Amino acid sequence: MNFAKKLATFIVANLALFVTTACSSNKPSSTVDSNKIPKITEKTTVTFWHGMQGAQENTLKSLVQDFEEKNPQIKIKLEQQGNYDDLQAKLTATLPSPKNLPTITQAYPGWLQSAAQNKMLQNLAPYINNKDVGWGSSQASEIKPELLASAKINNIQYGIPFNKSIEVLVYNPKLLKQYGINKVPTTMAELKQAAQTVYEKSHHQVVGAGFDNLNNYYVLGMKNQGQAFSSKIDFTGEESSKVINYFVAGEKEGYFRMPGSDKYLYIPFANQKLAMLITSSSTETWIKQASKKGLTYDIAARPGKYTLQQGTDIYMFSRASAMQKAAAFKFMKFLTAKNSQLKWAKATGYIPVNQKAVQADSYQANSEFKLPAHLNELMNTNSLYSVPVIKNANATFGQLTPIMQSILVAGQKNRNVEQTIRTGKIKFNAAWQQ
């Protein structure tokens, strides 16, 4: 565990006490009358913490420039906090000192549960319903309703979705055809059969399929078995064992794989050593960059009924002034507008959160990525699921990757898998009880 994660773990354990002490007096209100949101009449600076890097950060800077040109009274001060782990740690460490928080931040909802409970986040419903800075009503919003709902904490609209992705199946059509697979798998049973066929017919030179995110694999596996992610899951129960052993058998026999020393499965996929890959739709950006000449690939719905929607939202802190809040929400609305989301999606590979952007001919005809032509179909094929915003769900979700790694390694090396699963159960249950 790196220093940032250790810091985050320590402070989360004590956050309720710290925040209660810090916020027991002069606590800003997290509610506001929609009719009393001010118009921007003076120079206003909005500070935005984020974890974007590379092309994502450059595109965000470009969008800020576009916004400031149209809104000269508003200054957006971008403050890059490193990667997501660094951003989460910085937020967790700063929450006990609210005056040091930014106006808005990029975050997953699970990071800010304690902040919501302590009235440190701004309820955005009045801003959404305001005609000057918002859309006039939630129904008038152009944001996909499922994505908007996923940015709620305790059923309150504290966030606005921004950079989103879904899990998809990326496959090499030439390899599938070469080894006699004429139908792209749509179920987990079909995925297993196709992966076995590729591995056997290639004389073990090409792995059939891989799963990039082990925590996503388990959560979606259980959801497809009818069990939502919660502390009620019996990790050694029948349904859980079915999900785990499906992957263990594939790892042991060689037709499935997880990230190993290569860290990211798009690398063996780009080198045509992996025929199919279940990963985030945003991985397409890296597949394109790593692809060797002659590689062909396409995208299909993730096998199963559900797919996981991930990516961060933007949240506003209640400590900001009324003018800052109005300016910040105007910026948040701009980031999710059709043209902004088209620019963002084209440069980063994230899916547009704006429904009009998804439906735009210019997006669907984008030849730089495979995803746009399929996105409507993908969103209609799978039901969207996200990690629920309940106590310790975020921490437990993070623990699933090392737990699954231990189990899969045991399977690879013919060790006692059942004992490793029992050990995993202890860790899984402990994470829920932190």
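Preceding this paragraph is the structure being described.
Keep in mind that what you see is a predicted model, and the values were worked out from it rather than measured.

### Thoughts on the pattern of salt bridges
Alright, step 1. The final tally for this structure, using the stated rule, is 10 salt bridges.
Alright, step 2. Note that Lys164 is salt-bridged to Asp313, the shortest N-O span being 2.9 Å. On the criterion of sequence distance, the pair formed by Lys164 in strand S4 (residues 159-171) and Asp313 in strand S9 (residues 306-316) is long-range, its members being 149 residues apart.
Alright, step 3. Take Lys164: its relative accessible area is 2%, and that puts it in the buried class.
Alright, step 4. Residue Asp313 is classed as buried on the basis of its relative accessible area, which comes to 0%.
Alright, step 5. Between Lys183 and Glu190 there is a salt bridge; the shortest N-O distance is 2.9 Å.

### Re the pairing of strand S2 (residues 74-80)
Alright, step 1. Two strands pair when backbone bridges link them, and strand S1 (residues 44-50) and S2 are joined in this way by seven bridges, in the parallel orientation. Its bridge partner lying in S2, Val46 is registered against Ile76.

### A short note on the nonpolar core
Where a protein is soluble and globular, its nonpolar side chains tend to be buried together.
Alright, step 1. Membership of the largest hydrophobic core comes to 50 residues, with the highest contact counts inside it found for Tyr218, Phe229 and Met276.
Alright, step 2. Per-element accounting of this core gives the leading share, eight residues, to helix H18 (residues 393-412).
Alright, step 3. Aside from chain neighbours lying at most four places away, what touches Met276 is Leu169, Val170, Tyr171, Leu176, Pro185, Leu191, Ala194, Ala195, Gly208, Ala209, Gly210 and Phe269.
Alright, step 4. Membership of the second largest hydrophobic core comes to 36 residues, among which are Phe67, Ile104, Phe329 and Val353.

### Notes on unusual backbone geometry
Alright, step 1. The backbone of Lys119 shows a phi angle near 60°, a positive value even though the residue is not glycine.
Alright, step 2. Summarising the element assignment, Lys119 is placed in the loop between helix H4 (113-117) and helix H5 (125-129).
Alright, step 3. Even without being glycine, Asn154 reaches a positive phi, approximately 55°.
Alright, step 4. You can see Asn154 is positioned in the loop between helix H6 (145-149) and S4.

### Considering the packing of aromatic side chains
Alright, step 1. Taken as a whole, this structure holds 26 aromatic pairs when the rule is applied.
Alright, step 2. For the ring pair Phe211 and Phe247, a centre distance of 4.8 Å and an interplane angle of 55° mean the geometry is tilted. Here Phe211 is found in strand S5 (residues 207-211), whereas its partner Phe247 is found in helix H10 (residues 238-253), with 36 residues between them in sequence. Summarising the burial analysis for this pair, Phe211 and Phe247 share the class buried.
Alright, step 3. Summarising the aromatic geometry, the rings of Tyr218 and Phe428 are spaced 6.2 Å apart at their centres and angled 70° between planes, so their arrangement reads as edge-to-face. Here Tyr218 is found in helix H9 (residues 214-224), whereas its partner Phe428 is found in helix H19 (residues 417-432), with 210 residues between them in sequence.

### Some words on the packing of helix H2 (residues 54-70) against helix H13 (residues 322-335)
Alright, step 1. Two numbers describe how H2 lies on H13: the axes approach to 11 Å, and their chain directions differ by 120°. Of the possible angle classes, the one that applies to H2 and H13 is oblique. Here the hand of the crossing between H2 and H13 comes out right-handed. The residues of H13 that touch H2, namely those facing Leu60, Leu63, Val64, Asp66, Phe67 and Lys70, are Ala327, Lys330, Phe331, Phe334 and Leu335.
Alright, step 2. Split by residue class, the contact of H2 with H13 holds eight nonpolar, no polar and three charged.

### Notes on the side chain of Thr336
Alright, step 1. Mapped onto the fold, Thr336 is located in the loop between H13 and helix H14 (338-348).
Alright, step 2. Among the polar contacts made by the side chain of Thr336, one reaches the main-chain carbonyl oxygen of Lys333 at a distance of 3.1 Å.
Alright, step 3. Ignoring sequence-local partners within four residues, the contact set of Thr336 consists of Trp135, Ile143, Ile160, Pro161, Gln341, Val353 and Asn354.

### Some words on the environment of Leu400
Alright, step 1. With respect to the helices and strands, Leu400 occurs in helix H18.
Alright, step 2. Overall, Leu400 belongs to the buried group, its relative accessible area being 0%.
Alright, step 3. Taking C-alpha positions, Leu400 is 4.9 Å from Asn215, a pair spaced 185 residues apart along the chain.
Alright, step 4. The contacts of Leu400, once residues within four sequence positions are left out, are Asn215, Tyr218, Val219, Phe229, Phe235 and Phe428.

### Looking at the pairing of S1
Alright, step 1. The buried count for S1 comes to six of seven residues, which makes it a mostly enclosed element.
Alright, step 2. Here S1 pairs with strand S3 (residues 104-107) via two bridges, running parallel. Paired with Trp49 across the bridge in S3 is Thr105.

### Considering the environment of Gln139
Alright, step 1. Within the secondary structure, Gln139 is located in the loop between H5 and H6.
Alright, step 2. Between the alpha carbons of Gln139 and Asn129 there is a distance of 9.1 Å; along the sequence they are 10 residues apart.

### Here's the deal with H19
Given 3.6 residues per turn, any residue in an α-helix points the same way as the ones three and four places further on.
Alright, step 1. The end-to-end C-alpha distance of H19, which contains 16 residues, comes to 23 Å, matching closely the 22 Å that a straight helix rising 1.5 Å per residue would cover.
Alright, step 2. Buried residues along H19 sit against H9, H10 and H18.

### Considering the packing of H2 against H14
Alright, step 1. Viewed as axis vectors pointing N to C, H2 and H14 meet at an angle of 160°, and their least axial separation amounts to 9 Å. Taken together, the axis directions place H2 and H14 in an arrangement best described as roughly antiparallel. For the pair H2 and H14, the crossing hand works out as right-handed. For the pair formed by H2 and H14, the contact residues are Ala55, Gln56, Thr59, Leu60, Ser62, Leu63 and Asp66 on the first element and Ser340, Lys343, Trp344, Ala347 and Thr348 on the second.
Alright, step 2. Per-class residue counts for the contact of H2 with H14 are five nonpolar, five polar and two charged.

### Description of the side chain of Asn123
Alright, step 1. With respect to the secondary-structure elements, Asn123 resides in the loop between H4 and H5.
Alright, step 2. With relative accessibility at 17%, the residue Asn123 sits in the buried group.

### Thoughts on the environment of Lys325
Alright, step 1. Residue position: Lys325 is located in helix H13.
Alright, step 2. One polar contact links the side chain of Lys325 to the main-chain carbonyl oxygen of Ser318, over a distance of 3.0 Å.

What counts as what
Residues numbered from 1 in each chain as written. Predicted model: local features only at pLDDT ≥ 70, side-chain atom pairs only at ≥ 80, totals over all residues. Heavy atoms only, no water. Salt bridge = Lys/Arg side-chain N within 4 Å of Asp/Glu carboxyl O. Helix = DSSP H or I, 4+ residues; strand = E, 2+ residues; numbered from the N terminus. Buried < 20%, exposed > 50% of the residue type's maximum accessible area, 1.4 Å probe, protein only. Pairing = 2+ DSSP bridges. Core = buried A, V, L, I, M, F, W, Y, C linked by side-chain atoms within 4.5 Å. Contact = heavy atoms within 4.5 Å. Phe/Tyr/Trp six-rings, centres within 6.5 Å; stacked < 30°, edge-to-face > 60°. Axes fitted to C-alpha atoms, helices over the stretch in contact; angles between N-to-C directions. Parallel < 35°, antiparallel > 145°, perpendicular 65-115°, else oblique. Left-handed = near helix turned anticlockwise from the far one by under 90°. Nonpolar A, V, L, I, M, F, W, Y, C, P; charged D, E, K, R; others polar. Polar contact = N/O pair within 3.5 Å; in protein donor to acceptor, adjacent residues only side chain to side chain. Expected span 1.5 Å × (residues − 1).

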